[in-house]
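Per-entry structural report
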Amino acid sequence: MKTTVTKLLTFTLACILLLSLVACNQVEKTGIWEEATYLSDKTFGSGEKTLTVEVSAEDQSVTFTVKTDKKTVGEALLEHDLIGGEEGAYGLYIKKVNGMTADYDVDRTYWAFYVNGEYAMTGVDTTEIDEDATYKLERAK
């Protein structure tokens, strides 16, 4: 009887640990994240180049790994419908990332683009993929 209880307790604790690890890889579906297409880290594509993009909003984030043959970060993200927006005088004005909207004209928010932790001096549509770089799109005010 004692062995059965010990096995059951061990199994229960293992299940709790597994569920905790899975939950750590997901964000809560609240606030702006209710609009999100993906709530956990995800990999897309099968190309020669690999880039990693962190998407951050309201103190939560997910990371996308994109394998692509495209030349720019913007092309790679557009290829998998991870971003959307409109063409403007300065290139692509991103309004949606991972299904979440930021529109300065509506709510004074926008998608800030960072390369290696620094605010990018070029847009996603003109930033060539550097596999050693880290990219981030952050919903900002």
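Residues numbered from 1 in each chain as written. Predicted model: local features only at pLDDT ≥ 70, side-chain atom pairs only at ≥ 80, totals over all residues. Heavy atoms only, no water.

**Some points on the sheet that holds strand 3 (residues 60-68)**
The pairing of strands in a sheet comes from backbone hydrogen bonds and takes either a parallel or an antiparallel form. Using the following cut-off: DSSP bridges decide pairing: two strands pair if at least two such bridges lie between them. In DSSP terms, a helix is any run of H or I states spanning at least four residues, a strand is any run of E spanning at least two, and both are numbered starting from the N terminus.
Strand order in this open sheet of six strands is 1-3-2-9-7-8, and the pairing throughout is mixed. Edge positions in the sheet fall to strand 1 (42-45) and strand 8 (118-119), since each of these pairs with one other strand and no more. Alignment of strand 1 against strand 3, held across four bridges, turns out to be parallel. Across the sheet, the residue bridging to K42 is F64, located in strand 3.

**Concerning a negative patch on the surface**
The following threshold applies: Distance thresholds for patches are 9 Å for like charges and 5 Å for nonpolar side chains (Val, Leu, Ile, Met, Phe, Trp, Tyr), applied to residues having over 30% relative accessible area and no salt bridge. Per-residue and other accessible areas follow the Shrake-Rupley method at a 1.4 Å probe size, with only the shown protein chains counted as cover for residues. When a carboxyl oxygen of Asp or Glu is within 4 Å of a side-chain nitrogen of Lys or Arg, the pair counts as a salt bridge. By the counting rule applied here, Lys and Arg register as positive and Asp and Glu as negative, while His and the ends of each chain are not counted. By convention, charge coordinates are those of NZ in Lys, CZ in Arg, CG in Asp, or CD in Glu. Per-residue accessibility, obtained with a 1.4 Å probe over protein chains only, is compared with the maximum for each type, and a residue is labelled buried under 20%, exposed over 50%, and partly exposed between these values.
A cluster of acidic residues, E48, D69, E75, E79, D130, E131 and D132, forms a negative patch at the surface. Checked against the element boundaries, D130 lands in the loop between strand 8 and strand 9 (135-140). What makes D130 partly exposed here is its relative accessible area of 38%.

**Looking at the sheet that holds strand 4 (residues 83-88)**
Pairing within the open sheet is antiparallel, and its three strands lie in the order 4-5-6. For this open sheet the edge positions go to strand 4 and strand 6 (100-101), each flanked by a neighbour on one side alone. By the bridge criterion, two bridges tie strand 5 (residues 91-97) to strand 6 in an arrangement that is antiparallel. Paired with K96 across the two strands is T101, which belongs to strand 6.

**Let's talk about the layout of surface pockets**
Heads up, the condition is: A cavity, in this analysis, means grid points on a 1 Å lattice covering only the protein atoms where a 1.4 Å probe fits yet has no way out; a pocket is instead an open set bounded by protein on both sides within 12 Å along at least five of seven lines, and a residue lines either one if it has an atom within 4 Å of a point. Grid points are joined across faces, edges and corners, and a volume is the space filled by probe spheres set on the points. Throughout this entry, Asp, Glu, Lys and Arg are counted as charged residues, while Ala, Val, Leu, Ile, Met, Phe, Trp, Tyr, Cys and Pro are counted as nonpolar. The remaining residues, Gly among them, count as polar.
If you add up the space inside the largest pocket, you get close to 400 Å³. The set of elements that each furnish at least two residues to the lining of the largest pocket consists of strand 5 and strand 7 (110-115). Of the residues that constitute the lining of the largest pocket, the class distribution is 13 nonpolar, four polar and one charged.

**A short note on the packing of aromatic side chains**
Rules: Centre distance within 6.5 Å is the pairing criterion for rings of Phe, Tyr and Trp, where only the six-membered ring of Trp is used; planes under 30 degrees apart are then read as stacked, over 60 as edge-to-face, and the remainder as tilted. Lysine NZ or arginine CZ positioned within 6 Å of the ring centre and within 35 degrees of the ring normal marks a charge as sitting over the ring.
Under the definition given, this model contains five aromatic pairs. Centre to centre, the rings of F44 and F64 are 5.5 Å apart; their planes meet at 80 degrees, and the pair counts as edge-to-face. Of this pair, F44 sits in strand 1 while F64 sits in strand 3, and the two are 20 residues apart along the sequence. Seen in terms of ring centroids, Y114 and Y119 are 5.6 Å apart; in terms of plane orientation they differ by 90 degrees. Their pairing is edge-to-face. A connected cluster of aromatic rings, assembled from ring pairs, spans Y38, F44 and F64. In this structure, K42 is placed above the aromatic ring of F44, and the distance from its NZ or CZ to the ring centre is 5.6 Å.

**Considerations on the pattern of salt bridges**
What the rule picks out here adds up to five salt bridges. Between K136 and E138 there is a salt bridge, with its nearest N and O atoms 3.8 Å apart. A relative accessible area of 24% places K136 in the partly exposed class.

**Brief notes about the nonpolar core**
Generally speaking, a soluble globular protein has its nonpolar side chains buried in company with each other. Our working rule: Within this scheme, the nonpolar core is defined by two criteria: the residues are buried Ala, Val, Leu, Ile, Met, Phe, Trp, Tyr or Cys, and they are joined through side-chain atoms within 4.5 Å. The contact definition used throughout considers only heavy atoms, calling two residues in contact when any of these lie within 4.5 Å.
Core analysis: the biggest nonpolar cluster contains 30 residues, and W111 and L137 have the highest contact counts within it. Tallying contributions element by element places strand 2 (residues 49-57) first for this core, with four residues. Excluding anything up to four places from it in sequence, L137 contacts V53, E54, V55, S56, L77, I83, I94, V97, W111, A112, F113 and V124.

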